Amino acid sequence: GAGVSQTPSNKVTEKGKYVELRCDPISGHTALYWYRQSLGQGPEFLIYFQGTGAADDSGLPNDRFFAVRPEGSVSTLKIQRTERGDSAVYLCASSLSAGTAQNEQFFGPGTRLTVL
Amino acid sequence: AQSVTQPDIHITVSEGASLELRCNYSYGATPYLFWYVQSPGQGLQLLLKYFSGDTLVQGIKGFEAEFKRSQSSFNLRKPSVHWSDAAEYFCAVGARGTGRRALTFGSGTRLQVQP
């Protein structure tokens, strides 16, 4: 079946602009995660959803970052007033549920965001 | 707070040689342990995981890892490396017994395979 998909694959924007990054999880997966991967680093957790609600948003760096998942499937990560330091690959993952950290997280290919 | 250290940023091995990638973690208890592989343009793929029981776990693509509680380590091994194994490898931990579901990743080890 289809894996996790993310659009766009690449996004170039100018400092101060607003961007939206989309994630389509694997069908039937109720848990969805966003991570950010800077160059030369491992992924860092941003936020995760169980269903429609954000169960843990402790990784969001500041209030310019926001994510939604209104119908419990597709999620959008929104970044306001982008800064050059926001440049990174944004990864989305989904798992069957978030009942335990044992549940395998399946990752998408990521969106590479470049802020000029 | 939990943390993961992968001390080797870059490793080069010859095709057919054995491989060991190191991973050390810091956590109050034994966490859930994972190894992921990331190839260019591909998403992270789970190689193997350890939750409990036998400390030597087998994964996909001929990889195995050994959990050593005394050393807080979870090193990844492969007896004979193939050119297609060239990629970046990430060790990750998940919290046990808490509501936290996020994975904490190490900074990765890039594997280069020489013919």
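Residues numbered from 1 in each chain as written. Chains lettered and ligands numbered in written order. Predicted model: local features only at pLDDT ≥ 70, side-chain atom pairs only at ≥ 80, totals over all residues. Heavy atoms only, no water.

So what's going on with the state of the cysteines? Residues and values would help.
Cysteine pairs can be covalently joined through their sulfur atoms, and such a bond is termed a disulfide. All names here are of chain B. Considering all chains together, one arrives at 2 disulfides over all chains under this definition. The partner cysteine of C23 in its disulfide is C91, sulfur to sulfur 2.0 Å. For the disulfide bridge between C23 and C91, the dihedral angle about the S-S bond is near -65°, and by the sign convention the bridge is left-handed. With C23 in the loop between β3 (19-21) and β4 (24-26) and C91 in strand β10 (residues 87-94), this pair connects stretches of sequence that are 68 residues apart. Both residues of the pair, C23 and C91, belong to the buried class. (Disulfide = S-S within 2.5 Å. Helix = DSSP H or I, 4+ residues; strand = E, 2+ residues; numbered from the N terminus. Buried < 20%, exposed > 50% of the residue type's maximum accessible area, 1.4 Å probe, protein only.)

Requested: an account of the packing of aromatic side chains, with residues and values cited.
Residue and element names in this part refer to chain B. All told, the structure shown has 15 aromatic pairs over all chains when counted by the stated rule. Taken together, a centroid distance of 5.1 Å and an interplanar angle of 75° make the contact between Y32 and F51 edge-to-face. Remark: F51 occurs in the loop between β6 (45-50) and β7 (56-58) and Y32 occurs in strand β5 (residues 32-38); sequence separation between them is 19 residues. Pairing Y50 with F74 gives two aromatic rings, centres 6.4 Å apart and planes at 45°, and the pair type is tilted. Placement of the pair is Y50 in strand β6 and F74 in strand β9 (residues 73-78), with a sequence separation of 24 residues. (Phe/Tyr/Trp six-rings, centres within 6.5 Å; stacked < 30°, edge-to-face > 60°.)

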